[in-house]
Amino acid sequence: MLLNTKDGIVISGPVVNLAAAGVANAAVVFTVPVLAGQFIGTKSLQIRRVNLYNNAAGTTQVLIGTGVAGTFVALLPALDSINALNDSYGPNTDLVAAEAFANITAYPVALGAGTSIDIQVEVIIRG
Amino acid sequence: MPDLYIFKSQIGMLDPVALYNQNVAIHYVKSTYYRKVDFLEAIPPFQCLDFGALAATTPSARTNVTNLEMADNEFGLFRWYPIDDAQIRLYHPAGISKWQLRNLQIPVDMQIVVRDPNLVSTEIAIWEDNRPAMEAINGGAVALNAVRIIAMGYRFHTVDLEGRGEFADPTLVANIKSGKEPCTHVFCSGRGIGD
C-alpha cells in the first residue's frame, strides 16, 4: 500500500504581508491544526515551498521559524528576497523539509520605509 | 474459512480475520476463549499515541497505548507504524515482550513502510483492555519533538460460546476444538520465552 507516499497532505497557507522588519515582528504564516479534546493526534508541518514577493522593500532576507522575539527559533537559514522581485523556494532544490510543531512564523531582516514583503508557504501536514 | 487468517498479505490495506457469525478462538497468554463474531467495523488509520518530546540518544518510559484498548467482549486487530525517527519496542500485555527472539527483541522504525509496505509483520490483536505498551528509542543525535504512532485495523464484537450465557453452545465449542467446525485463531498477546 506504499504508506510512505501517503504520509502527509500538502496544504498551502494564506498570503501574509510582512510590513514590519525584525524578529519582534515575526508574523504567523501557517497555523498548526489543533482543537483540544476533539482533534485527534499531534500534527506537524514540514515546509515544502516558500514564495516571497518583494514590494520594492530593498534586497533583504526573510527568516522562517517558530515563535516571536526572544522565542523565535529559525527552521531554515535566511532566504534572500531580491528587491521588487518574486523569489520561489521549492522542494528538492533550495529547501530542507524542516519540521515545525508550532505555528510557523516569519520576518524580514530589513524593509524600506512604507514597503513590505508578501509571503506564502506550502507545507506537508504530518500526523 | 481458508481466506480468513492472521498475518494476511495482499494488495491494499488489511482484511478482517473473521466476518459476521464466524467463530474465533481468542488466545491471551495461556488462556483460550471460544467466541463468535456478531459485529465488526473497520478502524481507519489514526494517531493512537504520541510519546511527546524525546531527548537525543534516550529511550522513553514504557507507555500504555490505551487508545488501542477495546471494550468488554471485543477484540481489535491493528497494524501500525511510527512516523517519527525512533525505534519502537512493543509489549503486549505491558509485561511481556512482543517480537522476542532468544537474544533480541525486534523493534519497528520508520523504515517499516518501505520494508513491509502492507505492515503484515506489525499486526497485533488486542483482547478487551489487556494493555499493549510501547517504548520509543531515539538513537539519533537530535532531540525529537514527538514520537507518533499511526494504527489502523478492525474492531470485532463477539459473543461467548462457552459458559452458561445466552449464546453458549457446548457442541459447537467441542466441534471447534476437534477441528470439525472452522475457526480463526487470534493471538492477543505475546508469549514469554520458554513459557
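The present account deals with the structure reproduced in this document. Note that the structure is predicted; figures quoted are calculated from it, not measured.

Rules used throughout
- Residues numbered from 1 in each chain as written.
- Chains lettered and ligands numbered in written order.
- Predicted model: local features only at pLDDT ≥ 70, side-chain atom pairs only at ≥ 80, totals over all residues.
- Helix = DSSP H or I, 4+ residues; strand = E, 2+ residues; numbered from the N terminus.
- Rg over C-alpha atoms; globule rule 2.2 N^0.38 Å.
- Buried ≥ 20, exposed ≤ 12 C-beta atoms within 10 Å, placed from the backbone.
- Contact = placed C-beta atoms within 7 Å.
- Nonpolar A, V, L, I, M, F, W, Y, C, P; charged D, E, K, R; others polar.
- Pairing = 2+ DSSP bridges.
- Axes fitted to C-alpha atoms, helices over the stretch in contact; angles between N-to-C directions.
- Core = buried A, V, L, I, M, F, W, Y, C linked by C-beta atoms within 7 Å.

## Comments concerning the overall build of chain B
Scanning chain B from N- to C-terminus turns up 2 helices and 10 strands. In chain B, the order of α-helices and β-strands from amino to carboxyl end is β-β-β-β-β-β-α-β-β-β-α-β. Its C-alpha radius of gyration of 18 Å places chain B within 12% of the 16 Å reference for a compact globule of 195 residues. In chain B, which comprises 195 residues, the share counted as buried stands at 35%.

## Describing the overall build of chain A
For chain A, the count of helices and strands is 0 helices and 11 strands. Overall, chain A shows an N-to-C arrangement of helices and strands of β-β-β-β-β-β-β-β-β-β-β. Compactness check: chain A gives a C-alpha radius of gyration of 15 Å against a globular reference of 14 Å for 127 residues, within 12% of the reference. By its C-alpha atoms, chain A is 50 × 30 × 20 Å across when sized along the principal axes. The 127 residues of chain A split such that 28% are buried. Taking the contacts inside chain A whose residues are at least 6 apart along the sequence as the reference set, 78% of them involve residues at least 24 apart.

## Considering the interface of chain B and chain A
One frequently used descriptor of interface size is the decrease in accessible area upon assembly of the parts. Of the residues lining the interface, 14 residues belong to chain B; the matching set on chain A comes to 12 residues. Elements supplying a minimum of two residues to the side of chain B that touches chain A: strand 2 (31-50) and helix 1 (112-115) of chain B. If one sorts the elements of the side of chain B that touches chain A by residue count, strand 2 of chain B sits on top with 3 residues. Across the side of chain B that touches chain A, the residue classes tally to 8 nonpolar, 4 polar and 2 charged.

## Description of the sheet that holds strand 1 (residues 23-28) of chain B
All names here are of chain B. In spatial order, the strands read 7-5-9-2-1-10; together these 6 strands make up an open sheet with mixed pairing. Each edge of the open sheet is held by one strand with a lone partner, namely strand 7 (124-127) and strand 10 (184-187). For this sheet, the mean inter-axis angle between neighbouring strands, taken without regard to orientation, is 35°. Sheet analysis places strand 2 next to strand 9 (residues 148-160), joined by 12 bridges and oriented antiparallel. For Arg35, the partnering residue across the bridge sits in strand 9 and is Asp160.

## Observations concerning the nonpolar core
Ranked by size, the top nonpolar core spans 48 residues in total, and within it Phe75, Phe78, Ala125, Ile126, Met134, Ile149 and Ala151 of chain B carry the most contacts. Among residues more than four places away in sequence, those in contact with Phe78 of chain B are Leu68, Ile124, Ile126, Ala151, Met152 and Gly153 of chain B. Counting residues in each nonpolar core, the second largest holds 22 residues, with Val50, Ala57, Val62 and Leu75 of chain A among its members.

## Some remarks on the pairing of strand 9 of chain B
Judged from the 9 bridges that link them, strand 5 (residues 74-82) of chain B and strand 9 of chain B form a sheet pairing that is antiparallel. From the neighbouring strand, Trp80 of chain B faces strand 9 of chain B, where its bridge partner is Ala151 of chain B.

## Things to note about the pairing of strand 8 (residues 133-138) of chain B
Residue and element names in this part refer to chain B. Two strands pair when backbone bridges link them, and strand 3 (residues 58-59) and strand 8 are joined in this way by 2 bridges, in the antiparallel orientation. Bridge assignment links Thr58 to a residue of strand 8, and that residue is Asn138. Of the strand pairs in this sheet, strand 4 (residues 63-64) and strand 8 are connected by 2 bridges, and their pairing is antiparallel. Bridged to Thr63 within strand 8 is Met134.

## Let's talk about unusual backbone geometry
Of note, the bond from His92 of chain B into Pro93 of chain B is cis; its omega dihedral lies within 30 degrees of zero at -5°. We note that Ala84 of chain A has phi near 65°; this positive angle belongs to a residue other than glycine. Relative to the helices and strands, Ala84 of chain A resides in the loop between strand 7 (79-81) and strand 8 (86-89). Exposure remark for Ala84 of chain A: the 13 C-beta atoms within 10 Å place this residue in the partly exposed category. At Asn21 of chain B, a position not held by glycine, the phi torsion is positive, near 70°.

## With respect to the environment of Phe101 of chain A
Relative to the helices and strands, Phe101 of chain A is located in the loop between strand 9 (99-100) and strand 10 (104-108). Looking at Phe101 of chain A, the number of C-beta atoms within 10 Å reads 16, which means it is partly exposed. Placed 58 residues apart in sequence, Phe101 of chain A and Lys43 of chain A show a C-alpha to C-alpha distance of 7.0 Å. Setting aside its immediate chain neighbours within four residues, Phe101 of chain A contacts Ser44 of chain A together with Asn145 and Ala146 of chain B.

## Thoughts on the environment of Thr122 of chain B
Residues and elements named next belong to chain B. Along the chain, Thr122 turns up in the loop between helix 1 and strand 7. Distance from Thr122 to His185, taken between C-alpha atoms, is 17 Å for residues 63 residues apart in sequence. Those residues in contact with Thr122 that sit more than four places away from it in its chain are Arg79, Trp80, Tyr81, Val108 and Ile112.

## A few points about the environment of Leu18 of chain A
Within the fold, Leu18 of chain A resides in strand 2 (residues 16-18). In the structure, Leu18 of chain A is positioned 39 residues away from Ala57 of chain A in sequence and 10 Å away in space, judged by C-alpha atoms.

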